[in-house]
Amino acid sequence: MSTAISDNFVVPVATRPRPGKMLDEVSVFVWRYLSHIPRLPERLLDVTVQPIMFVLLFGYIFGSAVLLPGGGNYRAFLMAGIFVQTLAFQAITTAIGLVADMDAAVVDRFRALPIARASILIGRAIASLIEGFLGIAVMAACGLLVGWAPMNGPIETLAALGLLVFFAFAMISVGTFVGLVVRSVGTAQTFGFVLIFPLSFASNAFVPIDNMPGWLRVATDWNPVSALVAAVRELFGNPNPLPADAAWPLAHAVAASLIWCTALTVAGLGLAIWRYAGAERSR
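The present account deals with the structure reproduced in this document.

Procedures and definitions
Residues numbered from 1 in each chain as written. Predicted model: local features only at pLDDT ≥ 70, side-chain atom pairs only at ≥ 80, totals over all residues. Heavy atoms only, no water. Helix = DSSP H or I, 4+ residues; strand = E, 2+ residues; numbered from the N terminus. Buried < 20%, exposed > 50% of the residue type's maximum accessible area, 1.4 Å probe, protein only. Contact = heavy atoms within 4.5 Å. Core = buried A, V, L, I, M, F, W, Y, C linked by side-chain atoms within 4.5 Å. Salt bridge = Lys/Arg side-chain N within 4 Å of Asp/Glu carboxyl O. Expected span 1.5 Å × (residues − 1). Polar contact = N/O pair within 3.5 Å; in protein donor to acceptor, adjacent residues only side chain to side chain. Phe/Tyr/Trp six-rings, centres within 6.5 Å; stacked < 30°, edge-to-face > 60°.

A count of helical and extended segments in the chain gives 12 helices and two strands. Counting across all 283 residues of the chain, residues that qualify as buried make up 46%. Sequence-distant contacts in the chain: of pairs separated by 6 or more residues, those separated by 24 or more amount to 78%.

Structure (structure tokens):
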């Protein structure tokens, strides 16, 4: 154990952390973030009330007007879109939480501790992912009540759930970077409206894409949300109408989704660590 001396105080710095020390630190941060939920249950509105509202509104309003090519239950078609859209919003939740911590100087206090710097970011990401698990469970229960169900076997169903978890972690990674870049909670919320909403609605999440105009159809075909939604429908065995001339990401939705999720995770985490390290050096 050595010490790092600043202008005002002395901070112990662990030069040789014992094995498992970082795991202990991460678990402490995960518990810190999750322990706030009983005191602030409204934090879970985006993964509980919001998806239920979307299922009921879209399922029973759009469901009476949208006809699927080739037939099929619209609410079974809808659920994959609700799954993916709700998990996409994990990026906003993560960004807002991180900005709030930065504004309250919580992160600065953590930086003064003799801990691995990455444990702060990893702990928040895992806590957000656990909240995402709760969202998946709530959405699945709501879907079962309105007539949705996985139609393939347990292996495909588990694969679909695993893909959703991977996507959630990818969006949390992006949100972590955004939270380190923007300077206010309002800006983080605006990020959701200018990016997540267009990605969600300019996709195959809620309507078939056959009759979309040409320019929008191209954007939809190559939208990562479209690939994720198509992959989840394929794995769950739900209605998944695709045009005959579907682009590669929709024709090979599972492979495209894995590529998109990997790219978003690597980019998000890499940029977040770079930004975090740069902010610390600039202090």
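Still more ground to cover, so stick around.
As a further point, take the nonpolar core. Core analysis: the biggest nonpolar cluster contains 58 residues, and Y74, I82, F83, V84, L164, F167 and F206 have the highest contact counts within it. Listing elements by their share of this core, those giving two or more residues are α2 (49-61), α3 (74-88), α4 (90-103), α6 (118-146), α7 (154-181), α8 (185-201), α10 (224-236) and α12 (253-281). Looking at which element gives the most residues to this core, the answer is α3, with 11 residues. Look past the residues within four positions of V84 in its chain and what remains in contact with it is L164, F167, V225, L228, V229 and V232. One finds V26, F29, A127 and A272 within the second-largest nonpolar core, a separate group that totals 17 residues.

Glancing now at the pattern of salt bridges. Tallied over the entire structure, the rule returns two salt bridges. Between R217 and D221 there is a salt bridge, with its nearest N and O atoms 3.2 Å apart. Residue R217 and its partner D221 are both found in helix α9 (residues 214-221); the two are separated by four residues, about one turn of the helix. For the pair shown, R217 and D221 are each scored as buried. One continuous salt-bridge network, built from bridges that share partners, spans R217, D221 and D245.

Moving on to the side chain of D221. Taking the relative accessible area as the measure of exposure, D221 reaches 6% and is therefore buried. Setting aside its immediate chain neighbours within four residues, D221 contacts I209, A247, P249 and L250.

Right, let's talk about α10 for a bit. Quick reminder: α-helices carry 3.6 residues per turn. Residues three or four places apart thus point the same way. With 13 residues, α10 extends 18 Å from end C-alpha to end C-alpha; this agrees with the ideal 18 Å at 1.5 Å per step. Most of α10 is tucked away, with 12 of its 13 residues classed as buried. For α10, the complete set of buried residues consists of P224, V225, S226, A227, L228, V229, A230, A231, V232, R233, L235 and F236. Measuring from the side-chain oxygen of the N-cap residue of α10 to the backbone nitrogen of V225 gives 2.9 Å; that N-cap residue is N223. The first or second residue beyond α10 is G237, which carries a positive phi of 80°.

The next subject is the packing of aromatic side chains. For the structure on display, the rule yields 11 aromatic pairs. Geometrically, the ring pair formed by F89 and F197 is edge-to-face, given 5.3 Å between the ring centres and 75° between the ring planes. Taken together, the positions of F89 in the loop between α3 and α4 and F197 in helix α8 put the pair 108 residues apart, joining distant regions of the chain. Owing to a relative accessible area of 9%, F89 belongs among the buried residues under this scheme. Of the residues examined, F197 reaches a relative accessible area of 26% and is grouped as partly exposed. One aromatic cluster in this structure is built from F54, F58, F62, F89, F197, F201 and F206.

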